[in-house]
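Descriptive structure summary
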Amino acid sequence: MNILYPCIGIVGTGAMGRGIAQIAAQAGSTVKLFDTQADAARKAQAALFDQWDKLAGKGRMTAEQVTAAQQRVQIASVLTDLRDCDLVVEAAVERLDIKRAIFAELEAVVQAHAVLATNTSSLSVTAIAAGLQRPEQCAGFHFFNPVPLMKVVEVVAGLKTSAAVCADLAAYAKQMGHTPVAAQDTPGFIVNHAGRGFGTEALRIASENVADFATIDRILKDQLGFKLGPFELMDLTALDVSHPVMESVYRQYFEEPRYRPSVITAQRLAGGLLGKKTGEGFYRYVDGVAQVPAEAPPPVVASIPPVWVSPRATRRLELLQLLKDLGATIETGAAPSSLALTLVAPLGFDVTTVAVVERLDPARTIGIDMLVEAKTQKRRVLATNPATRTDMRDAAHALFARDGSPVSVVRDSGGFISQRVVATIVNIASDMCQQGVCTPADLETAVTLGLGYPQGPLAMGNLYGPTNVLEILFNMQTVYGDPRYRPSPWLRRRGAIGLSLLHVEE
Ligand code: NAD
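We now turn to the structure provided with this report.

Thresholds, definitions, all that
- Residues numbered from 1 in each chain as written.
- Predicted model: local features only at pLDDT ≥ 70, side-chain atom pairs only at ≥ 80, totals over all residues.
- Heavy atoms only, no water.
- Patch = residues over 30% accessible without salt bridge, like charges linked within 9 Å, V, L, I, M, F, W, Y side chains within 5 Å.
- Areas by Shrake-Rupley, 256 points an atom, 1.4 Å probe, with all protein chains shown as cover.
- Salt bridge = Lys/Arg side-chain N within 4 Å of Asp/Glu carboxyl O.
- Helix = DSSP H or I, 4+ residues; strand = E, 2+ residues; numbered from the N terminus.
- Pairing = 2+ DSSP bridges.
- Axes fitted to C-alpha atoms, helices over the stretch in contact; angles between N-to-C directions.
- Near = heavy atom within 4 Å.
- Polar contact = N/O pair within 3.5 Å; in protein donor to acceptor, adjacent residues only side chain to side chain.
- Nonpolar A, V, L, I, M, F, W, Y, C, P; charged D, E, K, R; others polar.
- Core = buried A, V, L, I, M, F, W, Y, C linked by side-chain atoms within 4.5 Å.
- Buried < 20%, exposed > 50% of the residue type's maximum accessible area, 1.4 Å probe, protein only.
- Contact = heavy atoms within 4.5 Å.

1. Some points on a nonpolar patch on the surface
A cluster of nonpolar side chains, L228, L233 and L236, forms an exposed patch at the surface whose accessible area comes to about 230 Å². Secondary-structure assignment places L228 in the loop between α9 (213–224) and α10 (230–237).

Right, dumping it as structure tokens:
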């Protein structure tokens, strides 16, 4: 295999520069390390050698491969040492003025064919390239941390970047064993843009006091299959990294309400509750282990009243079957009897509104989230309204926990927790398709590899039903009157006719 760029330069040899150097040298490029900080390049080289020794120890590299990789790494003491590089990847500090100065200096040093790439995660590639003589040779090449393990890279085209440069960077990414995705130069590119739904909506839910952090995490993991809950994830990433990303995307989109950050993270960042690395974030950590409060056992109740299910309930037949399986006495009348526990299962509406609209007694009305198919629900989520009687709440909780299934009881909100998060993720992803940030296929790839979601956001929309997602958003917009829940036209058209979100337009 002929390596596309036989000689590459790395400017800035911190966490990212090192990772990129590692995979490039492993793929067969000569790698020249440059850093302005004294000794940083040498330390990076030593760290690479160490890393390769470890890989050899685990049997992942042979001794010959290690020697060959080591021989390909050189230290550049001045920037002009990069003059014969075919590609230079800049991974210095995240400041526009510094990146522009680095590229202006580099352009005067390298040959005309050389490609200048930036690993920026939040700055505009177009702005970085703006002062260059050859902006067409400049692109974004956005890796994720840790580079060798995060197998996706965004190839970002600035307004003047040539298509051939992007195609070559994508081909080179593959030679390094990574999956390239093509992104337009827009705030957050693909992964940091698509990632706005999960944490931002969870924070919004927490800020409404619908449930505590641990309950929100449990619900999203058990119902939707996320490996980590949003608060666990923010603790791991640390708020000094994730809060500025939220602010940056929001500001760059001129305060688009969909991306509005939360005062919760702003305050915690100011207070130094950054996450696992500081020993306290949304959770407290003892020896690196999150101290998660235990769930209370389900209440013990003497008897369970008969249950009446609203004719408008989502997945009504599944819900009735579930109640039967749980041994409930089901009422079949047109209206609930005066004793009945009254169940509603709305999409996007709150339990209170449904009780009013369907003329039900709010004191006996409980909501259950039926977005996820009953059979696959690993946790059942119930919501009370402000008037719900405790005996009715406890009866519903005990009933739905009868088969040992975990049950969470949360406060009423427009849309259940899982509904809100799914709808927000799918809506943001749809809007990215509408804007043409990337292709739907690259969006799915970038999110599954870059964020580790159980499925891509469009596949998630298909799983829960584009029409259901649309209904959640329409109803949430009514409840909240907040433009952040405004459905993207891309989703509206597809959801309205029940079309797959992965359908390719002719
Ligand atoms: P880092 O602080 O670990 O390393 C930055 C290195 O750049 C330091 O060694 C510093 O001495 C050096 N440097 C600073 N100014 C320089 C200059 N003018 N010339 C040469 N070297 C210079 O930072 P990092 O986490 O590796 O991030 C580097 C870049 O990658 C940033 O643009 C960042 O936004 C981006 N990025 C970071 C991550 C991440 O998770 N850390 C992920 C994707 C992208």
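2. Let's talk about the sheet that holds strand β4 (residues 87–90)
In spatial order, the strands read β3-β2-β1-β4-β5-β6-β7-β8; together these 8 strands make up an open sheet with mixed pairing. The open sheet has two edge strands with one neighbour each: β3 (73–75) and β8 (179–184). Between one strand and the next, the sheet's axes are offset by a mean angle of 25 degrees, whatever the strand orientation. Inspection of the sheet shows strand β2 (residues 30–34) paired to β3 by 3 bridges, in the parallel sense.

3. Describing the site of the ligand
Lining the immediate environment of the ligand, one finds 21 residues, of which M16, D35, E94, K99 and N119 sit closest. With respect to the ligand, the backbone of A92 contributes an N or O atom lying 3.2 Å from an oxygen atom. Taken by itself the ligand offers 830 Å² of open surface, and the protein chains cover 74% of this. Those elements giving two or more residues to the shell around the ligand turn out to be α1 (15–27) and α4 (96–109). Take the shell around the ligand: its biggest share by element is 3 residues, from α4. Grouping the amino acids of the shell around the ligand by side-chain chemistry returns 10 nonpolar, 8 polar and 3 charged.

4. Focus on the nonpolar core
Within the largest apolar cluster, 79 residues are counted, with the highest numbers of intra-cluster contacts made by I190, I216, F231, I417 and L443. In this view, I190 contacts E154, V181, A182, A183, M432, V437, C438, L443 and A446; residues no more than four positions away in its chain are not counted. With 40 residues, the next largest nonpolar core counts I3, L55, M61 and M176 among its residues.

5. Quick look at the pattern of salt bridges
A full pass over the atoms with the stated rule returns 28 salt bridges. Ionic pairing is found between E94 and K99, a salt bridge with its closest N-O pair at 3.6 Å. For E94, a relative accessible area of 33% corresponds to the partly exposed category. Residue R486 is joined to E256 by a salt bridge in which the shortest nitrogen-to-oxygen separation is 3.5 Å. Residue R486 is located in the loop between α19 (466–480) and α20 (489–496), and its partner E256 is located in the loop between α11 (239–252) and α12 (263–270); the two are separated by 230 residues in the primary sequence. Judged by its relative accessible area of 18%, E256 falls in the buried class. Connected via shared salt-bridge partners are E201, E208, R420 and R484.

Shape is all these values report; function is a separate question.
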